[in-house]
Amino acid sequence: MASMTYRSAGVDIEAGDALVDRIKPLARATARAGVMGGLGGFGALFDLKQAGYSDPVLVSSTDGVGTKLKIAIHTGLHDGVGIDLVAMCVNDLVVQGAEPLFFLDYFATGKLSVDQAARVVGGIAEGCRIAGCALVGGETAEMPGMYGQGDYDLAGFSVGAAERGALLPKDVAPGDVVLGLASSGVHSNGFSLVRRIVEAGNAGWAAPAPFVAGRTLGEALMEPTRIYVKPLLALHRAGLLHAAAHITGGGLPGNVPRVLPEGTRAVIDAGAWPLPPVFAWLARAGGVAADELLRVFNCGLGMVLVVRDEAAARALLEEQGETVFTIGRIEAGEGAPGIRIDLPAGWPA
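None of these values were measured; they are calculated from a predicted model.

*Asks:* Hey, could you go over the packing of aromatic side chains for me, with residue numbers and the actual values?
*Replies:* According to the stated counting rule, one finds four aromatic pairs in the structure shown. Ring centres of phenylalanine 46 and phenylalanine 102 lie 5.3 Å apart, and the angle between their planes is 40°; on these two criteria the pair is classed as tilted. Note that phenylalanine 46 is positioned in strand β2 (residues 45-46) and phenylalanine 102 in strand β4 (residues 99-109), a separation of 56 residues in sequence. Summarising the burial analysis for this pair, phenylalanine 46 and phenylalanine 102 share the class buried. Arranged with centres 5.1 Å apart and planes meeting at 20°, the rings of phenylalanine 107 and tyrosine 152 form a pair that is stacked.

*Asks:* Go over helix α4 (residues 114-131), please, and point to the residues and values.
*Replies:* Taking 1.5 Å per residue, 18 residues should reach 26 Å; α4 reaches 25 Å between its end C-alpha atoms and fits that length. Those residues of α4 that sit buried are Val114, Gln116, Ala117, Ala118, Val120, Val121, Gly123, Ile124, Ala125, Gly127, Cys128 and Ala131. As for α4, its buried residues are in contact with α1 (13-28), α3 (81-94), β4, β5 (134-142), β6 (152-163) and α7 (229-237). Positive backbone phi, approximately 80°, marks glycine 132, located one or two places after α4.

*Asks:* Please give an account of the sheet that holds strand β11 (residues 324-332) that cites residues and values.
*Replies:* One open sheet holds the six strands; their spatial order is β8-β10-β7-β11-β9-β12, and the pairing between them is mixed. On the outer flanks of this sheet lie β8 (243-246) and β12 (338-342), each paired with one strand and no other. Going across the sheet, the axis of each strand differs from the next one's by a mean of 25°, ignoring polarity. Both β8 and strand β10 (residues 301-307) contribute to a ladder of four bridges, which runs antiparallel. Within β10, the residue paired with alanine 245 across the bridge is valine 304.

*Asks:* I'd love a proper account of the packing of α3 against α4, names of residues and values included.
*Replies:* Interaxial distance between α3 and α4 falls to 6 Å at its minimum, and their mutual angle equals 40°. Looking at the two axes, α3 sits oblique to α4. As for how α3 packs across α4, the hand of that crossing is right-handed. Listed contacts from α4 to Val81, Gly82, Ile83, Leu85, Val86 and Val90 of α3 are Val120, Gly123, Ile124, Glu126, Gly127, Cys128 and Ala131. Looking at the contact of α3 with α4, its residues break down into nine nonpolar, three polar and one charged.

*Asks:* With reference to specific residues and values, describe the pattern of salt bridges.
*Replies:* If you walk through the whole model with that rule in mind, you get 16 salt bridges. Each of Arg32, Glu99 and Arg237 takes part in one network of salt bridges that share partners.

*Asks:* Talk me through the UniProt feature "domain: PurM-like N-terminal" (unreviewed entry) in the protein; I want residue IDs and the actual numbers.
*Replies:* The feature "domain: PurM-like N-terminal" (unreviewed entry), as annotated in UniProt, sits at residues 57-161 in this numbering. Along residues 57-161 one finds 38% helix and 35% strand; the C-alpha atoms at either end are 5 Å apart.

The rules behind the values
Residues numbered from 1 in each chain as written. Predicted model: local features only at pLDDT ≥ 70, side-chain atom pairs only at ≥ 80, totals over all residues. Heavy atoms only, no water. Phe/Tyr/Trp six-rings, centres within 6.5 Å; stacked < 30°, edge-to-face > 60°. Helix = DSSP H or I, 4+ residues; strand = E, 2+ residues; numbered from the N terminus. Buried < 20%, exposed > 50% of the residue type's maximum accessible area, 1.4 Å probe, protein only. Expected span 1.5 Å × (residues − 1). Contact = heavy atoms within 4.5 Å. Pairing = 2+ DSSP bridges. Axes fitted to C-alpha atoms, helices over the stretch in contact; angles between N-to-C directions. Parallel < 35°, antiparallel > 145°, perpendicular 65-115°, else oblique. Left-handed = near helix turned anticlockwise from the far one by under 90°. Nonpolar A, V, L, I, M, F, W, Y, C, P; charged D, E, K, R; others polar. Salt bridge = Lys/Arg side-chain N within 4 Å of Asp/Glu carboxyl O. UniProt positions renumbered as here; feature names shortened; annotations may be inferred.

See below:
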């Protein structure tokens with residue numbers, strides 16, 4: 001019998017080493033106060049005192065990109081899914097009042113393509129740069145037989161910190177104002193339904209997008225998730241933020257009540273912001289009912305905030321480059337926190 005090697009079994013150690021060499025400068029570019037050492041150790045070290053915390057509470061989050069990866073693989077548009085991966089984690093940290101400190105990724109594939117993986121990790125590094133956190137490590141797993149040709153999977157892990165007295169939500173009460181921050185598109189939720197709608201229409205990912213000029217369906221739907229970390233931290237540090245909800249799976253009805261106290265509800269006017277054309281198209285092309293659209297997608301709002309001083313909050317957020325809508329208010333309710341969404345006639349058309 002011929003001598004067997006790991007490479008003959010389908011795992012290329014040299015390719016993995018080449019990938020590490022490619023991504024080391026990307027990781028170094030995300031370094032921030034608190035990071036100790038670099039890539040290559042058995043674990044990543046972080047000094048909370050060096051990062052400026054005196055009485056910190058650690059906040060952690062993990063997430064993936066879901067079946068949006070199927071579109072990335074089919075179209076070859078790999079550069080943005082790394083931003084999605086970071087966004088899905090760090091946006092969940094900041095709504096708790098935490099500053100994202102560092103990030104680790106897990107990239108798994110059947111046969112490692114150094115170029116493909118480097119493009120994905122390049123997006124992860126860009127997401128970390130936007131969020132102000134450090135890419136301190138990760139894992140690349142080459143597993144022959146587990147994935148189809150060209151397929152890969154992603155998971156992300158982030159750790160943040162907040163001073164003990166600064167955790168959110170805090171002081172939410174009837175009379176507070178509810179603001180919405182514009183999303184950049186579908187973000188990273190609902191893509192099993194998106195794919196079903198596109199496939200049912202037999203258009204293909206290379207077809208012109210019917211809801212935006214000059215882009216293919218694949219390009220338009222792969223727009224990366226918006227990262228809201230720096231604007232929300234600025235708002236929180238100014239003492240203007242009572243609560244924030246990241247609008248992911250479950251949409252507005254599934255996420256807003258999670259940050260409200262007992263005996264309150266959010267009353268939302270769905271006519272207070274323009275429904276982006278992509279969601280109207282999804283509703284029309286897929287025959288998606290209004291309540292299902294609200295439950296599956298962000299419908300144009302990637303983040304919902306509860307504030308008391310509407311004018312000051314709006315001014316600060318707009319200075320930070322956010323598009324802000326006043327979408328409702330907090331009212332007294334009974335029992336568990338809730339939400340009421342008022343739909344204008346004809347919505348979502």
